[in-house]
Amino acid sequence: MTWVVDNLDLIGRLTVEHLRQSALPILLGLLLSIPLGWLAFRFRLTRGLMLTVVGLLYTIPSLALFALLPPLLGISFLSEINLVIALTIYAVAIMTRFVADALASVEPHVRQAADAVGYGAWRRFWQVDLPLAGPVVLAGLRVTAVSTISLCTVGILIGIDNLGYLFTNGYQRQIVAEILAGVVAVVVIALVIDRLLVVLGRALMPWAGKGA
Amino acid sequence: MDLFAEAIAWIFSTDTQSGSLPLSEAIATHLAFTVVSVLIAAVIAVPAGWLVGHTGRGREIAVGLSGAARAVPSFGLVLLLVLVFGVTHKVGASTTAFVLLAIPPILAGAYSGVEAVERRIVDGARAVGMTSSQVLGKVEIPLGLPLLIGGLRSATLQVVATVTLAGYVGSWGLGFYIVQGIQIRDFAQILGAALVIVVLAVLLDLLFALAERAVVPRGVRAGRDGR
Amino acid sequence: MIEFRSVTKTYPDGTDAVADFSLVVPAHTTTVLVGSSGSGKTTLLRMINRMVEPTSGSIEIDGEPIAQRDPVRLRRSIGYVLQNGGLLPHHRVIDNVATVLRLEGTPKQEAREKAAEVLDVVGLDRSLAQRYPSQLSGGQQQRVGVARALAADPNILLMDEPFGAVDPIVRAELQAETLRLQQELHKTVVFVTHDIDEAFLLGDQVVILSTGAQVAQVGSPSEIIENPADDFVASFIGTERGARALRTKHTDHGTVLVDGAGRTQGRLVESSS
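Computed from a prediction, not measured in an experiment: that's the story for all the values here.

The rules we used
- Residues numbered from 1 in each chain as written.
- Chains lettered and ligands numbered in written order.
- Predicted model: local features only at pLDDT ≥ 70, side-chain atom pairs only at ≥ 80, totals over all residues.
- Heavy atoms only, no water.
- Helix = DSSP H or I, 4+ residues; strand = E, 2+ residues; numbered from the N terminus.
- Rg over C-alpha atoms; globule rule 2.2 N^0.38 Å.
- Buried < 20%, exposed > 50% of the residue type's maximum accessible area, 1.4 Å probe, protein only.
- Contact = heavy atoms within 4.5 Å.
- Areas by Shrake-Rupley, 256 points an atom, 1.4 Å probe, with all protein chains shown as cover.
- Lys, Arg positive; Asp, Glu negative; His and termini not counted.
- Charge placed at Lys NZ, Arg CZ, Asp CG, Glu CD.
- Pairing = 2+ DSSP bridges.
- Axes fitted to C-alpha atoms, helices over the stretch in contact; angles between N-to-C directions.
- Buried area = accessible area lost by both parts, 1.4 Å probe.
- Salt bridge = Lys/Arg side-chain N within 4 Å of Asp/Glu carboxyl O.
- Polar contact = N/O pair within 3.5 Å; in protein donor to acceptor, adjacent residues only side chain to side chain.
- Nonpolar A, V, L, I, M, F, W, Y, C, P; charged D, E, K, R; others polar.
- UniProt positions renumbered as here; feature names shortened; annotations may be inferred.
- Parallel < 35°, antiparallel > 145°, perpendicular 65-115°, else oblique.
- Left-handed = near helix turned anticlockwise from the far one by under 90°.
- pLDDT = per-residue confidence, 0-100.
- Patch = residues over 30% accessible without salt bridge, like charges linked within 9 Å, V, L, I, M, F, W, Y side chains within 5 Å.

> For this particular structure, what's the right way to read the overall build of chain C?
Looking only at helices and strands, one finds 10 helices and 13 strands in chain C. In terms of overall size, chain C behaves like a compact globule, its C-alpha atoms giving a radius of gyration of 20 Å where 273 residues would be expected to give roughly 19 Å. With the C-alpha coordinates aligned to their principal axes, the bounding extent of chain C is approximately 65 × 45 × 35 Å. Split into buried and exposed, the 273 residues of chain C put 50% on the buried side. Here the analysis covers contacts within chain C between residues at least 6 apart in sequence; of these, 61% occur between residues at least 24 apart. Roughly 12,700 Å² of accessible area belongs to chain C as shown, and the carbon and sulfur atoms make up 48% of that amount. With 27 positive and 35 negative side-chain charges, chain C shows a separation of 7 Å between the mean positions of the two kinds.

> Help me understand the sheet that holds strand E4 (residues 56-61) of chain C, please; the structure alone is not making it clear to me.
Strand pairing in a sheet relies on backbone hydrogen bonds, with the paired strands running either antiparallel or parallel. All names here are of chain C. The four strands are arranged E2-E1-E4-E5 in an open sheet whose pairing can be described as antiparallel. Each end of this open sheet is capped by a strand with a single partner; those strands are strand E2 (16-25) and strand E5 (64-65). Strands in contact with helix H1 (residues 41-48) are strand E1 (2-10), E2 and E4; relative to E1, the strand with the most contacts, it is inclined by about 120°.

> Looking at this model, I keep getting lost on the interface of chain B and chain A. Mind explaining?
Where the parts come together, the accessible area they lose is often given as the size of the interface. In this complex, chain B contributes 38 residues to the contact, which on the side of chain A involves 36 residues. When chain B packs against chain A, the two sides together hide about 3,200 Å² of surface, and 84% of this comes from carbon and sulfur. Applying the counting criterion to the chain B and chain A interface returns zero salt bridges. The interface formed by chain B and chain A contains three residue pairs in polar contact (both at pLDDT 80 or more). Put simply, the parts of the chain that give the side of chain B that touches chain A at least two residues each are helix H1 (2-12), helix H5 (74-85), helix H8 (132-165), helix H9 (175-183) and helix H10 (187-214) of chain B. Ranked by residue count, the leading element in the side of chain B that touches chain A is H10(B), at 10 residues. Considered class by class, the residues forming the side of chain B that touches chain A number 31 nonpolar, three polar and four charged.

> Which parts of the structure should I look at to understand the UniProt feature "transmembrane region" (unreviewed entry) in chain A?
Residue and element names in this part refer to chain A. Sites flagged by UniProt as "transmembrane region" (unreviewed entry) map to residues 23-41, 48-69, 81-100, 132-159 and 179-200. Within residues 23-41, the helical portion is 100% and the strand portion 0%, while the C-alpha atoms at the span's ends are 26 Å from each other. A helix fraction of 100% and a strand fraction of 0% characterise residues 179-200, whose end C-alpha atoms lie 31 Å from each other.

> I would appreciate a short explanation of the packing of helix H7 (residues 121-151) of chain A against helix H9 (residues 176-204) of chain A in the present structure.
Helix packing geometry: the angle between the two helix axes and the distance between the axes. Residue and element names in this part refer to chain A. Packing of H7 against H9 leaves a shortest axis separation of 9 Å and a crossing angle of 160°. The pairing of H7 with H9 is recorded here as roughly antiparallel in orientation. Of the two elements, H7 crosses H9, and the hand of that crossing is right-handed. The segment H7 lies against H9, with Leu 138, Leu 141, Arg 142, Ala 145, Val 146, Ile 149 and Ser 150 engaging Val 186, Ile 189, Ala 190, Ile 193, Asp 194, Leu 197, Val 198 and Gly 201. By residue class, the composition of the contact of H7 with H9 is 11 nonpolar, two polar and two charged.

> Explain the arrangement of the chains here, please?
Highest in contacts among the two pairs of chains that touch are chains A and B. For chain A and chain C, which are not in contact, the least C-alpha distance works out to 20 Å.

> What exactly am I supposed to notice about the packing of H9(A) against H5(B) here?
Between H9(A) and H5(B), the least distance of the axes is 9 Å, while the angle of their chain directions is 155°. When the axis of H9(A) is compared with that of H5(B), the two are roughly antiparallel. The element H9(A) and its partner H5(B) pack so that their crossing is left-handed. Every residue of H5(B) that contacts H9(A) at A:Val176, A:Ile179, A:Leu180 and A:Val183 is listed here: B:Gly76, B:Leu77, B:Leu79, B:Leu80, B:Leu83 and B:Val84. Grouping the constituent residues of the contact of H9(A) with H5(B) by class yields nine nonpolar, one polar and no charged.

> Sorry, what's going on with the UniProt feature "domain: ABC transporter" (unreviewed entry) in chain C here?
Taking the numbering used here, the UniProt-annotated feature "domain: ABC transporter" (unreviewed entry) corresponds to residues 2-237 of chain C. Each end of residues 2-237 of chain C is marked by a C-alpha atom, and these two atoms are 26 Å apart; helix forms 38% of the span and strand 25%.

> Just checking my understanding: could you explain the confidence of the model for chain C for this structure?
One rule of thumb: low pLDDT means the predicted coordinates there are not for detailed reading. Mean pLDDT over chain C stands at 90; residues scoring 70 or higher make up 97%. Among the prediction metrics, the complex's ipTM stands at 0.89, with pTM recorded as 0.87.

> Even after reading the chapter, I still don't get a nonpolar patch on the surface, so can you show me in this structure?
A cluster of nonpolar residues, A:Val176, A:Leu180, A:Val184, A:Val188, A:Val192, A:Leu196, B:Val84 and B:Phe85, forms a patch on the protein surface that exposes about 650 Å² of accessible area. Put simply, the parts of the chain that give the nonpolar patch at least two residues each are H9 of chain A together with H5 of chain B. Counting residues per element, the nonpolar patch draws most heavily on H9(A), which supplies six residues. With respect to the element layout, A:Val192 can be found in helix H9.

> Sorry, what's going on with the interface of chain C and chain B here?
On the chain B side, the residues contacting the 25 residues of chain C number 23 residues. Together, the buried faces of chain C and chain B total about 2,100 Å²; carbon and sulfur atoms form 60% of this surface. Taken together, the connections running from chain C to chain B amount to one salt bridge. Ionic pairing is found between C:Arg46 and B:Asp123, a salt bridge with its closest N-O pair at 2.7 Å. Joining chain C to chain B, the criterion identifies four residue pairs in polar contact (both at pLDDT 80 or more). Of all the secondary structure elements, the ones that give two or more residues to the side of chain C that touches chain B are helix H2 (71-76), helix H4 (99-103) and helix H6 (138-150) of chain C.

> Whenever I open this one, the environment of C:Gln183 confuses me. Can you help?
Counting through the fold element by element, C:Gln183 comes out in helix H7 (residues 168-185). Separated by 154 residues in the primary sequence, C:Gln183 and C:Thr29 place their C-alpha atoms 9.5 Å from one another.

Shown next as structure tokens:
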């Protein structure tokens, strides 16, 4: 405990860094997965392709992905952009499946009713399909946010400071409290963000009920 | 793309096969950690998950556990347990961490598989006079197998990735090459090891994908394919 | 004979599914419990094989209270046909039918032979025996459900809206089949439905239930149609209007019967007796 009290500054600074690094991948994951998820939902051909690709990407262990991206994209191995892109890839991999499932969860008769009253395809997607898919998309976003925040710590292995710093630093200096503080901090901010998303979801989708 | 050629060369070079950590040994250790951890986790989580799914008791705890577990940073957990157990017990500490990480997805696969069996099928089984354990053994478990294998699949991927990270605490597994490569700035070694890890992970995933298909009961598959 | 004695059922959330229900179900006849949803008819049916336990009161089969019997053994001794079949999707038709026999320890081969005979009884071609339920039509699945219930030759057959999910043509077929079977087998059948026409067609004794399983009227179909106990029954069976509110109309070729909508439903003939 004394270690935590003595190092509140450091924990605070790393938490802010951590949130900053996680935010972009989560947001990008959501934005990119909507068109990709739609492709996976809409066409049989693209469905198999998309789901296989995201499945494979998700399979790649994080440390290996950090190593693969630099030569492929011409970026530096020990760089924040490497971390952010890797986390975005995982976020997209998780979210695409959720978005495809979410769109499939919209009942066909609702979709037909929207067609029947004269929605165009584009309008129907934004005003009927996507809002009704919302609860499942939100469930996916929660999984993505929590995973991303947790996974972000691995960035320390490629020299990016965030809450993961407490793990390696604590390990080298043999301070159990430091590592424990890092683990607890990550879990707490992940769960706080998770709750925030639930609250946000209720505000945006009042029709979805408590289950969402 | 030059780096990829160098990485492939690293994989097949004699130094890699016979260095302080031979590649074959690293692969074997990596696999051994994964298999043992997932097995131990399965022995604990599968019966527990079946019971939760069958009785509905402890469901809240199981759901909460598998949700919250995602928030636990696996790298942090490994380092924490190694420090707590003491550096002389690195293998035990790491294995414990892997098992802890593998339990929630297996638990979720086991209980959700049982829960996903349609109520009317379970109702029918009870109505013709199956005992509670017969309902579980003859109906819920066989019909829930695909989701259970899905849980084992997630757990295995999780452990493969975490064993990689555990290369930071010991000179074992494929992750060690990457950690060491970062220290000595040997990017061919980093990429080479990464490629081997990817192949290993994809192969394991493929194995589970096939198993997931194989355990779908024939009658259920027949219905899915249409008449 | 099955006897309900002052049976009640209150669910933990406080809803009274059954409020004081008593009834005698005579042996070797068909008793139909009919009522709209919420009338507790399925709850009553499921009490007979202890799928649901009554809150108070007792149920006796041939004078023996079922509360003293082991629920699993009791269920194996009673045939139960569920809506949607409730078949095991991962077992072949023949093994679905043989389920109870196998549970009772009959050797596999013998159970399958017996099951194949029961397939004949319910009018299913033996070529379907090796199929899975999902490879059958709805009507065929329902027949398998009946076959499974009959396989161990129980005295009592419970049927829970068995034909609710099939189309009208198949339903009529299955109803006719049920009548034929009952003429041959003389089981004590308790049948639940919300369809009054089905109740009158199949029931020797019809029990009309209102909310909370209150008995609105018990009797043979003729007794009920000829003398509905009250307005609820009259409106439920539709004697005020529609197909059962018939009046006579004299034509050049004799007297015909006309329903509430003015459609001629049949001809009035002199009884032969």
